[in-house]
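For reference, the chains in residue letters:
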Amino acid sequence: MGLTRQYLRYEPAALFGLVASARAGVAFVALRGERGRYVAVPACEHVFVWDTRKGEKVLILKGLKQQVSCLCPSPDGLHLGVGYEDGAIRVFNLLSGESTITFNGHRAAVTALQYDHLGGRLVSGSKDTEVIVWDVINESGLYRLRGHKDVITQVLFLKEKNLLVTCAKDTLVKWWDLDTQHCFKTLVGHRAEVWGMALLSQEKRLITGSADSELRVWDLTYIQEVKDPDEPESKKSKGSSSPGAEEKTEEDETLELDEHPEERIVKCSKVGSIMREGRDRVVTLGTDRMGKFLACHGTDAILEVFSVLSEEEIQKKLEKKMKKARKKAKQNSEEEPERSVELSLQEEIQRVTSVKASSKIKSFDLILSPKGELKMVLLLQNNVIELYNLDLSAQVPQAVRVSRITIGGHRSDVRTLAFSSDNIAILSAAAESVKIWNRSTLQCIRTMECEYALCSLFVPGDRQVILGTKTGKLQLYDLASGSLIETLDAHDGAVWSIALSPDQHGFVTGGADKCVKFWEFELVKDESSVQKRLSMKHVRVLQLDEDVLCVRYSPNQQLLAVSLLDCTVKVFYVDTLKFFLSLYGHKLPVLCMDICYDGTLIATGSADRNVKIWGLDFGDCHRSLFAHDDSVMYLQFVPKSHLFFTAGKDNKIKQWDADKFEHIQTLEGHHQEVWCLALSPNGDYVVSASHDKSLRLWERTREPLILEEEREMQREAEYEESVAKEEQPVVAGERQGETGLAGKKTIETIKAAERIMEAIELYREETAKLKEHNAICKAAGKEVPFPVNPILRAYGNITPSAYVLEVFKKVKSSELEESLLVLPFSYVPDLLRLFNEYIQQGSDVELLCRALLFLLKIHFGQITSNQMLVTVIENLKKTTISRVSEARDVLGFNMAGLQFLKREIEAKEEVTFFADATERFEEKKRKRKKKEKMVLAML
């Protein structure tokens, strides 16, 4: 094999310039025992936890590749459930920042996540229209619920009943009975998508938000409820009603239920609507943890906050109204005013205030602080987090903005990047500001306001920067003072490109006014100051027939390449501005280009998705490469080499070899179009900016990159992806019903099944060898040494059956069912015999019973028709029943013990509470006496 050229690998070094992605919700999280101070927000594939008081990032929950699409903190505040674009769900521990559990079940982005009130179960809804309930403690999926026909928008567990409510874009709200796992009721009162819902008034009310300005309110009555005898009668039926009439209504009710069997569990009746101020659709609708406050917002910048009255407050209001009505009745000498007294919906759910944010809101979270303040965190669409406080004790509550996290990023997409000559500072400029970052610490050093920037450069010496803007201006900034020194009207249209001359005395700009202008740096004296300052002087102009999109100097400063809107690149002599070459061949305009360090090659990237490599001596096209799946937005050579990087609208950055015309490496990380990139002068760093608002830094490592290996890894990744997309395995005899298995086939489940198969094969071989060995020993009449399998020796000389159990225990709990589902039946008889052996020993009864019952369920026909397995199943039946009852007894005993301890602790606490109270009372008495004595002494 001949020598292969080695390249060095570029690895992702950092993600910065991002406060929060507007892809998922924001949530308050409890860290260090504090609630209402820390917020978790999505940041591309990671989750950032920000300290809103200091404006600092305190924790990064690292993701893999996919973007975060959903967040939900657990009720105990120790964990955070995170849903991703590919349908995966990971549960992070907020103390360690590690991901402890992964659930794979959805085939598309997770759009809704919710814990139950104890935090033991997690329900997820997805773009694949399915709802899955997961067991967080056992780390496994319970079941999948099918029924919706469009994206799930919200899922809610009920606290008291084992019920689930889901709503989706198919205009339906569905009620699920989780005991029987079926949908028993569907609300069809919406004309358009249901975007959000919330449960209020101790789950006796459901409020839904749709595509209009109406929030619909539904009253919920749970049919199994026994009426409380102390509950006051409803005001309307206050007349004298005979017992006979009561019996009749009961009979009517049972008849009604038989007519509407879906109302046997819960009855929903529409009470009315609350009108929002916003005219567009509801984006987010939610309550605080206590359910006292309700808030919602549309696609605008206004968050509307409502207060939900508790039952006591409603009772008080009713009494007040009654008094007024009685007074009125006395004046008008009427009787029985009670009939008409009733609270309207608007009085029960009152508008508190509207909060106007600085930009469009993406989502919010509410928390009621112990001081009685309502804290609201808003995640805005423009990379900002805002925190507001609402003082509820005020006569007219007004929201006050407490903090705003903005410094870590731009408000709009970064359109231009540049590196300083010492490789340390990075410039990024967007539509509203230009920022300077320190490459090693990733801190923002300077933020300066600017116009819409399109191109930029560091002035030699790195003390000033120049920006070219959309309005045709050149803006010169001084970095030390962070101020704008000078603005020049350079072009009549946008300044699309700027290039520094190799002799560093000036630069050239190209604009939409069909001109290329040459500039020189000069020092001028202001009237106001003694010292001279830097300025720019216009020297020459080159008039062309088309808009100029990109300009580049050759390293020897003899040639100037100009890309035009007519899809060609024209090359001119710099000194005489005479025409030298025309490079034509692209079907769409050339958006970017670069000339290599020795001036022999020019590479051009176009909107036609191709990159062409040309020779600069004759203008011949060496090779045309299909580079990206969308427009090539930026192209730059690595200094001192013929390697170059391209950035495309297909979210990828690619490295190429211009001599061998080979694709070397793809840098994947951005989730949306990549607008621009910049290479450091030493070639060790690449920084890129994207439409996902993030800036990413890539670092050249010392690790060699071998192309053959790279291609092999790419093929493997493609295969793994195709495996996950294959048809899911089907259980024989089962129809696609309302419920299904929670998991899905992934490469991990296939690998787990393969490991189980290998372990069983090893067990078969070893048992056969052992039989042979025993026969040899018998024939020889003495003990012959038995060779131990190296795998078993590695596990500490365990038996083959114990090795199978070890492999079984290592299968992730969430992947167990799916792994068994792809396991061929030929391995099942051995497994059943082994299970019998393990359960007799009493090891891992819970895990084995789960696997055993699942195997019996999916292979029922084959197992029951196999005569060989009858005795095995009989033995399993005996051992399993006895062992499970033992395990149940142990659990029962432990539960009783824990409850006893709880009662003991409560009793102790009560005693200490009373003792403390008496002590405090005595202390107060002593202080009062002391005061009195002092007063008397003074007198």
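What counts and what doesn't
- Within each chain, residues carry numbers counting from 1 in the order of the written sequence.
- Confidence filtering applies because this is a predicted model: local features only for residues at pLDDT of at least 70, side-chain atom pairs given and counted only at 80 or more, and all residues used for totals across whole chains, interfaces and linings.
- Here the side-chain values reflect all heavy atoms present in the structure, with hydrogen atoms and water set aside.
- Secondary structure counts use DSSP, requiring at least four H or I residues in a row for a helix and at least two E residues in a row for a strand, with both numbered from the N terminus.
- In this scheme, a residue with accessible area under 20% of its type's maximum is buried, one over 50% is exposed, and one in between is partly exposed, where area comes from a 1.4 Å probe on protein chains only.
- In this analysis, two residues are considered to be in contact whenever any of their non-hydrogen atoms come within 4.5 Å of each other.
- A 1.4 Å probe and the Shrake-Rupley method give the accessible areas. Residues count as covered only by the protein chains that appear here.
- Two residue types count as positive, namely Lys and Arg, and two as negative, namely Asp and Glu; His and chain ends fall outside the count.
- Each charge is placed at NZ for Lys, CZ for Arg, CG for Asp and CD for Glu.
- To form a nonpolar core, buried Ala, Val, Leu, Ile, Met, Phe, Trp, Tyr and Cys residues must be joined to one another through side-chain atoms within 4.5 Å.
- Two strands are said to pair when DSSP picks up at least two bridges between them.
- Interaxial angle, 0 to 180 degrees, is taken between N-to-C directions of lines fitted to C-alpha atoms, where a helix line uses only the stretch in contact.
- Between Lys or Arg on one side and Asp or Glu on the other, a salt bridge is scored when a side-chain nitrogen of the former is within 4 Å of a carboxyl oxygen of the latter.
- pLDDT is defined as a per-residue confidence score from the predictor, taking values between 0 and 100.
- Pairs of N or O atoms within 3.5 Å make up the polar contacts considered here, provided that, within protein, one atom can donate a hydrogen while the other can accept it, and that residues adjacent in sequence are counted only when both atoms are side-chain atoms.
- Stacked, tilted and edge-to-face are the three classes assigned to paired rings of Phe, Tyr and Trp, where Trp is represented by its six-membered ring and a pair needs centres within 6.5 Å; plane angles under 30 degrees give stacked, over 60 edge-to-face, the rest tilted.
- In our convention, an over-ring charge means Lys NZ or Arg CZ found within 6 Å of a ring centre and within 35 degrees of that ring's normal.
- Distance thresholds for patches are 9 Å for like charges and 5 Å for nonpolar side chains (Val, Leu, Ile, Met, Phe, Trp, Tyr), applied to residues having over 30% relative accessible area and no salt bridge.

When helices and strands are tallied, the chain shows 12 helices and 57 strands. Taking the principal axes of its C-alpha atoms as reference, the chain extends roughly 115 × 110 × 75 Å. By residue count, 50% of the 939 residues in the chain fall in the buried class. Taking the intrachain contacts of the chain between residues at least 6 apart in sequence as the baseline, contacts between residues at least 24 apart amount to 50%. If you sum the accessible surface of the chain, you get close to 48,200 Å²; carbon and sulfur atoms cover 51% of it. Separation of charge centres in the chain, based on 127 positive and 138 negative side chains, amounts to 4 Å.

Time to look at the nonpolar core. Nonpolar side chains tend toward joint burial in soluble globular proteins. Counting 36 residues, the largest nonpolar core has Phe808, Leu820, Leu832 and Phe835 as its most contacted members. Only α5 (747–780), α7 (800–810), α8 (816–821), α9 (828–841), α10 (845–858) and α12 (870–938) provide two or more residues apiece to this core. Tallying contributions element by element places α9 first for this core, with seven residues. Setting aside its immediate chain neighbours within four residues, Leu832 contacts Leu852, Ile863, Leu869, Val872, Ile873 and Leu876.

Read across the sheet, four strands follow the order β26-β27-β28-β29 without closing on themselves; strand pairing throughout is antiparallel. Looking at which strands have only one partner, the edges of the open sheet turn out to be β26 (361–368) and β29 (399–405). Geometrically, the sheet is characterised by an average inter-axis angle of 20 degrees between neighbouring strands, direction not taken into account. Direction of pairing for strand β28 (residues 385–391) relative to β29: antiparallel, over a ladder of six bridges. Following the sheet pairing, Leu390 is matched in β29 by Ala399.

With the rule as written, the count across this model stands at 39 salt bridges. A salt bridge links Glu386 to Arg401, with the shortest nitrogen-to-oxygen separation between them at 3.3 Å. Placement of Glu386 in strand β28 and of Arg401 in strand β29 is noted, with a sequence separation of 15 residues between them. Its relative accessible area of 0% is what places Glu386 among the buried residues. Arg401 sits in the partly exposed class, given a relative accessible area of 43%. One salt bridge connects Glu720 with Lys751, and the closest N-O pair in it is separated by 3.8 Å. Within this pair, whereas Glu720 is found in helix α4 (residues 707–725), its partner Lys751 is found in helix α5, the two being separated by 31 residues in sequence.

Attention shifts here to the confidence of the model for the chain. In the predicted model, the chain carries a mean pLDDT of 88, and 93% of its residues have values of at least 70. Scored below 50 in pLDDT, residues 225–229 shows zero contacts in the model against residues more than four places distant or in partner chains. Across residues 233–258, confidence stays below pLDDT 50; counting only partners more than four residues off in sequence or on other chains, it has nine contacts.

Residue placement: Ser403 occurs in strand β29. A distance of 3.1 Å separates the side chain of Ser403 from the backbone oxygen of Thr52, its partner in a polar contact. If we skip the residues at most four places from it in the chain, Ser403 touches Thr52, Ile385, Glu386 and Leu387.

Applying the stated criterion to the full structure yields 11 aromatic pairs. Between Phe808 and Phe835, the ring centres sit 5.4 Å apart and the planes meet at 85 degrees, which makes this aromatic pair edge-to-face. Remark: Phe835 occurs in helix α9 and Phe808 occurs in helix α7; sequence separation between them is 27 residues. Within the aromatic cluster, the residues linked to one another by ring pairs are Phe507, Trp519 and Phe521. When the ring centre of Tyr222 is taken as reference, the NZ or CZ atom of Lys161 above it lies at 5.0 Å. Here the guanidinium or amino end of Arg281 rests over the ring plane of Trp195, the centre of that ring lying 3.7 Å away.

With that settled, the discussion passes to a positive patch on the surface. Together, Lys316, Lys320, Lys323, Lys324, Arg326 and Lys330 make up a region of like positive charge exposed at the surface. As for its position among the elements, Lys316 is in helix α2 (residues 311–332).

Let us look at the sheet that holds strand β47 (residues 601–606). Spatially, four strands are ordered β46-β47-β48-β49 in an open sheet, and the strand pairing comes out antiparallel. Looking at which strands have only one partner, the edges of the open sheet turn out to be β46 (590–595) and β49 (621–626). Mean inter-strand twist for the sheet, computed between neighbouring axes without regard to direction, equals 15 degrees. Summarising the sheet, β46 and β47 pair through five bridges and their orientation is antiparallel. Looking at β47, one finds that Cys592 is bridged to Gly605.

Taken together, Leu898, Phe900, Leu901 and Ile905 make up a surface patch of nonpolar side chains, about 410 Å² in accessible area. Note on placement: Leu901 falls in helix α12.

Within the fold, Asp462 resides in the loop between β34 (453–458) and β35 (464–469). Although Asp462 is buried, it makes no salt bridge; Arg463 carries the closest opposite charge, 8.7 Å away. Of the polar contacts made by the side chain of Asp462, one reaches the side chain of Ser421; its length is 2.6 Å. If we skip the residues at most four places from it in the chain, Asp462 touches Ser420, Ser421, Asp422 and Leu479.

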